Amino acid sequence: MKLIKEAGNLKANGHYALATIDENRIYISGQLSFDSQTGEKKFGTMVEETKQILNNIDLILNKAGSSRNNVLKVGVFITDLDQWANVDKVYAEFFGAHTPARSIITVDKLHYGFKVEIEAIASCR
């Protein structure tokens, strides 16, 4: 098992790894909208936060030797169900023709007051 604790200036903000690699799977912890260059919180609209998070997931996947085309399952947590279509549009643009399994769950609130959190499972191949 291998742990990824940093990717660019992204770091875990608690007792967890950004990702865990076990055999041929990558488990990416729930990601919030942090600027990968500065490590600072990057609050914005739900669309802006989703774009930042997906780009951060891409960075983590690359560090693990994988890519977005190997993502198998995604869990998306949002604070406003009325924004589902906007999140889905950004998600579709990010993944293109690739359509991993996905859940979108509405929650009351997320850490630090963010609007979106995304976790993923990917293949290492």
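In the block above lies the structure referred to throughout.
Focus on unusual backbone geometry
Reasoning step 1: Positioned with a positive phi, glutamate 23 is a non-glycine residue whose angle comes to about 55°.
Reasoning step 2: Residue position: glutamate 23 is located in the loop between β4 (19-22) and β5 (25-31).
Reasoning step 3: Of note in the backbone geometry, tyrosine 112 takes a positive phi value of approximately 65° without being a glycine.
Reasoning step 4: Relative to the helices and strands, tyrosine 112 resides in the loop between β7 (101-106) and β8 (116-123).
Reasoning step 5: For tyrosine 112, a relative accessible area of 34% translates into the label partly exposed.

A closer look at the pattern of salt bridges
Reasoning step 1: Summed over all chains, the structure comprises three salt bridges.
Reasoning step 2: The residue arginine 68 makes a salt bridge to aspartate 58 at a minimum N-O spacing of 2.6 Å. Of the two residues, arginine 68 sits in the loop between α1 (46-63) and β6 (71-78) while aspartate 58 sits in helix α1, which places them 10 residues apart along the sequence.
Reasoning step 3: The buried category is assigned to aspartate 58, whose relative accessible area is 14%.
Reasoning step 4: With its nearest N and O atoms 2.8 Å apart, the salt bridge here joins arginine 102 to aspartate 88. Of this pair, arginine 102 sits in strand β7 while aspartate 88 is found in helix α2 (residues 84-95), placing the two residues 14 residues apart along the sequence.
Reasoning step 5: Classification of aspartate 88 by relative accessible area gives partly exposed; the value is 24%.

Some words on the environment of aspartate 82
Reasoning step 1: Looking at the element boundaries, aspartate 82 is found in the loop between β6 and α2.
Reasoning step 2: Taking the relative accessible area as the measure of exposure, aspartate 82 reaches 71% and is therefore exposed.
Reasoning step 3: A C-alpha to C-alpha distance of 9.8 Å links aspartate 82 and threonine 106, two positions 24 residues apart in sequence.

Things to note about the packing of aromatic side chains
Reasoning step 1: Counting across every chain of the model gives six aromatic pairs.
Reasoning step 2: Ring geometry for phenylalanine 43 against phenylalanine 114: centres 4.5 Å apart, planes inclined by 20°, an arrangement best described as stacked. Note that phenylalanine 43 is positioned in the loop between β5 and α1 and phenylalanine 114 in the loop between β7 and β8, a separation of 71 residues in sequence.
Reasoning step 3: Here phenylalanine 43 falls in the partly exposed class, since its relative accessible area comes to 45%.
Reasoning step 4: Judged by centre distance (6.2 Å) and plane angle (90°), the rings of tyrosine 112 and phenylalanine 114 are edge-to-face.
Reasoning step 5: Overall, the relative accessible area of 2% leaves phenylalanine 114 in the buried class.
Reasoning step 6: An aromatic cluster is built from Phe34, Phe43, Tyr112 and Phe114, whose rings are joined through pairwise contacts.
Reasoning step 7: Across from the ring centre of tyrosine 91, 4.5 Å away, lies the NZ or CZ of arginine 102, which sits over that ring.

The rules we used
- Residues numbered from 1 in each chain as written.
- Predicted model: local features only at pLDDT ≥ 70, side-chain atom pairs only at ≥ 80, totals over all residues.
- Heavy atoms only, no water.
- Helix = DSSP H or I, 4+ residues; strand = E, 2+ residues; numbered from the N terminus.
- Buried < 20%, exposed > 50% of the residue type's maximum accessible area, 1.4 Å probe, protein only.
- Salt bridge = Lys/Arg side-chain N within 4 Å of Asp/Glu carboxyl O.
- Phe/Tyr/Trp six-rings, centres within 6.5 Å; stacked < 30°, edge-to-face > 60°.
- Lys NZ or Arg CZ within 6 Å of the ring centre and 35° of its normal.

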